[in-house]
Each structure stands twice: as structure tokens, then as C-alpha cells.
Amino acid sequence: MHEYFQYDPTGDYLNPQLQGLQLVDGNYFPVATNTLPDGTVSLSSEVLGLELRLEAGKLRFYNPATGQTLLTHEEEAAARQAAEEKTQRLAAKLRELNIDPDSL
């Protein structure tokens, strides 16, 4: 099964801004759109096993198996930076306690 999704972040060319098509027997048919109680528009991708969601005008990917929204590149980079900073703070604290963090 093949899918084709279109997203127009400005809404200048597509209405609705997020659309999907699914190939069935050589023809493309619209992917069913769901509107969540909070107004988020959602389309399911069988190929990806994810939902494409239009949240506050931004395209996001949601994993229904885990119940989590996938991080954007910027969010992932910020989370990685925060984790690295926390690791450095913990290593410094261990050194203050005369514990070598590299020996753990």
C-alpha cells in the first residue's frame, strides 16, 4: 500500500492544510481525517505506523503505540543538550564528593 501526504504550512495552496491519499487498486483515494476533541486534525499512516497531526498549525508525528508525539529536530537537540548539561552537573557533584564518575 502506498500513501501520499501533503502539508501546506501557510494554507495558501491546500484546504485543508493537511491531506493524505492512499493507493488502492491503482487509484488514489483520500485518507480519512479525524478531528480530535481539542481541534487537532489527524490522519493515520499505515506505512509509517504513525499519525500525522496538525496541531496549532504545525505538522507533528504521533506514535499511537507509545502515546507520544515524536520530537522535532529542534526539540530533540534541546533535550540532548539538557541531558548533557545534567550529566556534567552530576559528574561535578560526584567529584566534589571525591568520587570519580568515570570509574562508575
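You'll find the structure just up there.
None of the values given here were measured: they were computed from a predicted structure.

**Q** Summarise helix H1 (residues 73–96); cite the residues concerned and give the values.
**A** Compared with the 34 Å implied by 1.5 Å per residue over 24 residues, the 35 Å span of H1 between its first and last C-alpha is a close match. Once H1 finishes, Asn98 follows within two positions and takes phi at roughly 60°, a positive value.

**Q** Give a detailed account of the sheet that holds strand S6 (residues 50–55), specifying residues and quantitative values.
**A** Taken together, the five strands give an open sheet; going across it, the order is S4-S5-S6-S7-S8, and neighbouring strands pair in antiparallel fashion. Looking at the sheet topology across the chains shown, the edges are occupied by strand S4 (33–35) and strand S8 (68–69). Two strands pair when backbone bridges link them, and S4 and strand S5 (residues 41–45) are joined in this way by three bridges, in the antiparallel orientation. Within S5, the residue paired with Asn34 across the bridge is Ser42.

**Q** Help me get a handle on the sheet that holds strand S3 (residues 27–30), residues and values and all.
**A** The strand order S1-S2-S3 describes an open sheet built from three strands, whose pairing is antiparallel. On the outer flanks of this sheet lie strand S1 (3–7) and S3, each paired with one strand and no other. Going from strand to strand, the sheet's axes swing by 25° on average, the running direction of each strand aside. One ladder, built from four bridges, connects strand S2 (residues 18–24) with S3; its direction is antiparallel. Counted as the bridge partner of Leu21 is Pro30 from S3.

Criteria and cut-off values
- Each chain carries its own residue numbering, running from 1 in the written order of its sequence.
- Predicted model: local features are reported for residues with pLDDT of at least 70 only, side-chain atom pairs are reported and counted for 80 or more only, and whole-chain, interface and lining totals are derived from all residues.
- Note: side-chain values were computed over all heavy atoms of the structure, leaving out hydrogens and water.
- Working definition: helices are DSSP H or I runs of at least four residues, strands are E runs of at least two. Numbering for both runs from the N terminus.
- To estimate the expected span of a helix, subtract one from its residue number and multiply by 1.5 Å.
- Any two strands with at least two DSSP bridges between them are considered paired.
- To define axes, lines are fitted to C-alpha atoms, for helices over the stretch in contact only, and angles between the resulting N-to-C directions are given on a 0 to 180 degree scale.

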